[in-house]
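# Secondary and tertiary structure notes
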Amino acid sequence: MITFDRFSGMAPSIDPYKLGNSIAQVAKNCHFDDGTLSPIPAPRVLSGHTVPTSNTRSLYPYAADFVYSEVDTKYLESPVSNDVWDRLYFIGADGPRYYANGSTVTSYALGLPRPEVLSFGAISTGDSSDYLAKHLRSYVVALVDDYGHVGPTSLPAVRSEDFYEDASVVLNMPAVPTGNYAITGNAKWRVYRSNFSSTGIGVYQFLGDVPVGNGTFTDTLNSSDLQEAAVSELWVAPPSGLKGFLALSGGFFAGFEGNTVYLSEPYLPHAWPTQRSYTETIVGLAETSVGLLVLTTSKPYLLVGTSPANMIRVEIESDQACVSADSIVDMGDYVLYASPDGICIASGNTINLATQDLINKEDWNYLYTPTALKAFSHEGRYVTNKFIFDPRGGLNALVESELNFFGFYRDEEKDEVYFLDGSGDLLEYAPVGGTTYMGGGYEYLTRVEEYLAPVNMGAIRITMAAGTVGCEFVVYADEAEVARGTVTEAGSFKLPAGYKARHWQMEFKGDAPLRAVMLNTSFNKRFKKTE
């Protein structure tokens, strides 16, 4: 008797005659969550959502619905808890930008430009009789937009004469920068003046705010009246070509361009003063438990530190390059990505080849085209446009399942994934309770079972649950088809006689959850019993 009552995933690079117990030659559009061979529910169209066009490629929930884009767009929520301006940051066709106030009508450039240098109007240097109050002065200015983003300070406007207390200086504000910035009635200039401590260390301190529509500001403050120091000298905007937008647990954003990683200030996504450049060309970023994982076209590495400013490079003992940015997925405790050799798993400061026992490099590149691999996480599985991989699954790890998708959004609270496939619909992946199935149902080809001497299998018993189309089975003897049938309920059936074989395998297609299948040499009373 041959019994198929344990169903597992596939190992494409292992000879069918050498597969371990229950490993399949083919496992497609199936899962084994409850121990049965079961189909994966087909995507379900979500009603009440209007996708703008079939060319829509990205989506993200915003303003009580989804915001859509026809280009690949990465969205990040504000790192500020309960953000009063309800900002949504993103990188699309026009570089880093953001929406505000729940509206997608207008987007603004992320970050502000460095202003031009202030110029001077009328000047009174003050009472020169107070010699001890003599000091030099210079001024810088920063732009503050409607949403409180503070830009980098200008270069200093310097005076060479001595100033004293009770001086008066008229400052001419620079030209308001052009561009798609949030600069209207609430925007302002923030002016700072130099001051020196008793040790001779100079600092720029807050002098005052000026509405952006005002052309001048008059400084009449004494040095003791100056307030907090300027901190935004290096708060430049991110580069327009930034990629790999990522929110990190420290409240700051990360991105890259070429071989350089860029980091924002914590909780200030408009300010990007920190960058780290190395020789490797970057493909993508991900966060691990120990730091920022930087995946490249060659050697991966980590950036580790308690804040953006003190992050340093830490080497990883791995040379596994990343061949697709779209394959990088944060799985929670680890990161998965596609390398030239297979799926890699990055955990802490180690990287291992997770698929090394399932598929070799040649088959990996021929079957799955890893450079075009796209993936997301769903219920702990790594779902791609070619297959599903479960790193927890052991023998159940790899199942083929082609899924055409472009942009997607994963609702972490519900553990649901919504995606776009070019049909013009918004779809939910593998919905609970679905009654139609991916590919019409599962496809499964068992390992080859071998007998020492040729035998004839004259009967088959199938134990299964109900399904819409049931289960079609094919029996192969020494690689030749000898029987085929479709069943819609459990039962025992006779098979053709007149042949013997040493090597036996079976193929199943359908939607009825399959519990067990047994082949026997005779159709006896004991074998007729079904479950």
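Presented here is a report on the structure given in the accompanying data block. (Residues numbered from 1 in each chain as written. Predicted model: local features only at pLDDT ≥ 70, side-chain atom pairs only at ≥ 80, totals over all residues. Heavy atoms only, no water.)

### Details of the sheet that holds strand S17 (residues 202–211)
As a general point, the strands of a sheet are linked pairwise by backbone hydrogen bonds and lie either parallel or antiparallel. An order of S14-S13-S16-S17 is seen for the 4 strands of this open sheet, with the pairing classed as antiparallel. The open sheet has two free edges, formed respectively by strand S14 (157–158) and S17, since each of these has just one partner strand. Note that strand S13 (residues 138–144) and S14 share 2 bridges and pair antiparallel. Within the sheet, the bridge partner assigned to Tyr-139 lies in S14 and is Ala-157. (Pairing = 2+ DSSP bridges. Helix = DSSP H or I, 4+ residues; strand = E, 2+ residues; numbered from the N terminus.)

### Section: the side chain of Asp-83
Mapping Asp-83 onto the fold places it in the loop between strand S8 (74–77) and strand S9 (88–92). Classification of Asp-83 by relative accessible area gives buried; the value is 14%. (Buried < 20%, exposed > 50% of the residue type's maximum accessible area, 1.4 Å probe, protein only.)

### Structural notes on the nonpolar core
Counting residues in hydrophobic clusters, the biggest one holds 53 residues, and the most contacted among them are Tyr-382, Trp-504, Phe-508, Leu-514 and Leu-519. Counting residues in each nonpolar core, the second largest holds 21 residues, with Met-173, Val-191, Leu-207 and Val-210 among its members. (Core = buried A, V, L, I, M, F, W, Y, C linked by side-chain atoms within 4.5 Å.)

### Comments concerning the packing of aromatic side chains
One pair of aromatic rings is described through two measures. These are the centre distance and the angle between the planes. Across all of its chains, the model carries 30 aromatic pairs by this definition. Between Tyr-75 and Phe-90, the aromatic rings sit 5.8 Å apart at their centres with planes inclined by 40 degrees, giving tilted as the arrangement. One end of the pair, Tyr-75, is in strand S8; the other, Phe-90, is in strand S9, with 15 residues separating them in the sequence. Each ring, one from Tyr-98 and one from Tyr-147, has its centre 6.1 Å from the other, and the planes form 85 degrees; the classification is edge-to-face. Remark: Tyr-147 occurs in the loop between S13 and S14 and Tyr-98 occurs in strand S10 (residues 95–100); sequence separation between them is 49 residues. (Phe/Tyr/Trp six-rings, centres within 6.5 Å; stacked < 30°, edge-to-face > 60°.)

### Points about the side chain of Ser-38
Among the structural elements, Ser-38 can be located in strand S4 (residues 38–39). The class of Ser-38 is buried, set by a relative accessible area of 5%. At 2.6 Å, the side chain of Ser-38 forms a polar contact with the side chain of Thr-36. Setting aside anything within four residues of it in sequence, one finds Ser-38 in contact with Asn-29, Cys-30, His-31, Tyr-442 and Pro-513. (Polar contact = N/O pair within 3.5 Å; in protein donor to acceptor, adjacent residues only side chain to side chain. Contact = heavy atoms within 4.5 Å.)

### A word on the pattern of salt bridges
This model, assessed by the stated rule, comprises 20 salt bridges. Across the pair Asp-162 and Lys-134 runs a salt bridge whose closest N-O atoms are separated by 3.9 Å. Taken as a pair, Asp-162 in the loop between S14 and strand S15 (168–172) and Lys-134 in the loop between strand S12 (119–124) and S13 lie far apart in primary sequence, 28 residues in all. Its relative accessible area of 33% is what places Asp-162 among the partly exposed residues. Residue Lys-134 is classed as partly exposed on the basis of its relative accessible area, which comes to 33%. (Salt bridge = Lys/Arg side-chain N within 4 Å of Asp/Glu carboxyl O.)

### Considering the sheet that holds strand S19 (residues 243–247)
Strand order in the open sheet formed by 4 strands is S19-S20-S21-S22, and the pairing between neighbours is antiparallel. Since the sheet does not close on itself, it has two edges, and those belong to S19 and strand S22 (274–277), each with one partner. Adjacent strand axes in the sheet meet at a mean angle of 20 degrees when their direction is disregarded. One ladder, built from 4 bridges, connects strand S20 (residues 253–257) with strand S21 (residues 260–263); its direction is antiparallel. Among the inter-strand pairings, Phe-256 is bridged to a residue of S21, identified as Val-261. (Axes fitted to C-alpha atoms, helices over the stretch in contact; angles between N-to-C directions.)

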